[in-house]
Amino acid sequence: MRSLARCFCSSNAKHPPKFEEHAILADETTFSVNEVEALYILFEQLSSSAIDDDFIHKEDFLLAISNGSSKQNLLSERLFDLFDAKRKGVIEFGEFVRALHIFHPDAREAEKISFAFRLYDLRHTGYIEREGLKEMVLATLREHELDLCLSIDAVEAIVDKTLQEVDLKGDGKIDEEEWKDLVAKNPSLIKNMTLPCLRDITLAFPHFVVESEVPDSELFR
Ligand code: CA
């Protein structure tokens, strides 16, 4: 049945995603079919915010995650690259769902740790370098509203001290093993890899559930 659905989807690649594709996505992720359908509504909104088509372009993405400001930074660029798994320069619906799945409260922690490593590996070198670590430190400070209280020098000092502590191999950068050790000691570092709202995604788009042709049983998967 699943393989039949796959054939059906691939032969209709130019058409908007069909229920069959949504079922496959639900199968591969933590989301139910209903939740995938709700995510499609969100996807349609995001994919039309800057450039109106069936893809999330970088412009759409940056607009969405920066709350209207078009300011770009390395971290949001890198996040876009990670969503764009096929590296086509745009985010397709399937890529969108598979990436968001990692942010689901029920997704495996190992997936979150690995995704965060790739995220802070800003220049795709296979390491978290000082620059990526600084982004992480700044994000943590911002979360505690401490970023405005500290001078640039103080932030740099925190980054240096953290790097010294984490970089057990002493090569000036953080490899995946050192990263896993760091997260084990500081689980809050991957807190931003979980979006609690993803658990209630169908509540955010309640009208969908009423209009949906998905059988009721799917609601309780
Ligand atoms: Ca190292």
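Remember, predicted model here, so these are calculated numbers, not experimental data.

A. Just unusual backbone geometry, in detail. You will see that His124, though not glycine, has its phi angle at about 60°, which is positive. Counting through the fold element by element, His124 comes out in the loop between helix H7 (109-120) and helix H8 (130-143). Look at His124 and you get exposed, because its relative accessible area is 52%. In this structure, Glu145 is a non-glycine residue whose phi angle is positive, near 55°. Relative to the helices and strands, Glu145 is located in the loop between H8 and helix H9 (152-166). For Glu145, a relative accessible area of 66% translates into the label exposed.

B. Up close: the packing of H8 against H9. Running from N to C, H8 and H9 point in directions that differ by 120°, and their axes come no closer than 10 Å. Between H8 and H9 lies a crossing whose hand is right-handed. Every residue of H9 that contacts H8 at Arg130, Leu133, Lys134, Val137, Leu138 and Leu141 is listed here: Val155, Glu156, Ile158, Val159, Asp160, Thr162 and Leu163. Each residue belonging to the contact of H8 with H9 can be placed in one class, and the counts come to eight nonpolar, one polar and four charged.

C. Highlighting the coordination of the calcium ion. In the first shell of the calcium ion, the protein supplies Asp167 (OD), Asp171 (OD), Lys173 (O), Glu178 (OE) and Glu178 (OE), at 2.2 to 2.6 Å from the metal. Spacing between the donor residues of the calcium ion along their common chain follows D-x3-D-x1-K-x4-E. Taken as a pair, Asp167 in the loop between H9 and helix H10 (176-185) and Glu178 in helix H10 lie far apart in primary sequence, eleven residues in all. Given the relative accessible area of 10%, Asp167 is considered buried.

D. Summary view of the pattern of salt bridges. Within this structure, the stated rule accounts for twelve salt bridges. Lys58 serves as the salt-bridge partner of Glu77, at 2.8 Å between the closest nitrogen and oxygen. Of this pair, Glu77 sits in helix H5 (residues 74-83) while Lys58 sits in helix H4 (residues 58-65), placing them 19 residues apart in sequence. According to the relative accessible area criterion, Lys58 is partly exposed, its value standing at 26%.

E. View of the environment of Asn73. With respect to the helices, strands and loops of the structure, Asn73 is situated in the loop between H4 and H5. Owing to a relative accessible area of 30%, Asn73 belongs among the partly exposed residues under this scheme.

F. Spotlight on the packing of H4 against H5. The interhelical angle for the contact between H4 and H5, taken along N-to-C directions, is 125°, at an axis separation of 10 Å. In terms of orientation, H4 and H5 fall into the oblique class. In this structure, H4 meets H5 at a crossing whose hand is right-handed. Residues Lys58, Phe61, Leu62 and Ile65 of H4 pack against Ser76, Glu77, Leu79, Phe80, Asp81 and Phe83 of H5. By residue class, the composition of the contact of H4 with H5 is six nonpolar, one polar and three charged.

Rules used in this analysis
Residues numbered from 1 in each chain as written. Predicted model: local features only at pLDDT ≥ 70, side-chain atom pairs only at ≥ 80, totals over all residues. Heavy atoms only, no water. Helix = DSSP H or I, 4+ residues; strand = E, 2+ residues; numbered from the N terminus. Buried < 20%, exposed > 50% of the residue type's maximum accessible area, 1.4 Å probe, protein only. Axes fitted to C-alpha atoms, helices over the stretch in contact; angles between N-to-C directions. Left-handed = near helix turned anticlockwise from the far one by under 90°. Contact = heavy atoms within 4.5 Å. Nonpolar A, V, L, I, M, F, W, Y, C, P; charged D, E, K, R; others polar. Donors = N, O, S within 2.8 Å, 3.2 Å for Na, K, Ca; no water. Salt bridge = Lys/Arg side-chain N within 4 Å of Asp/Glu carboxyl O. Parallel < 35°, antiparallel > 145°, perpendicular 65-115°, else oblique.

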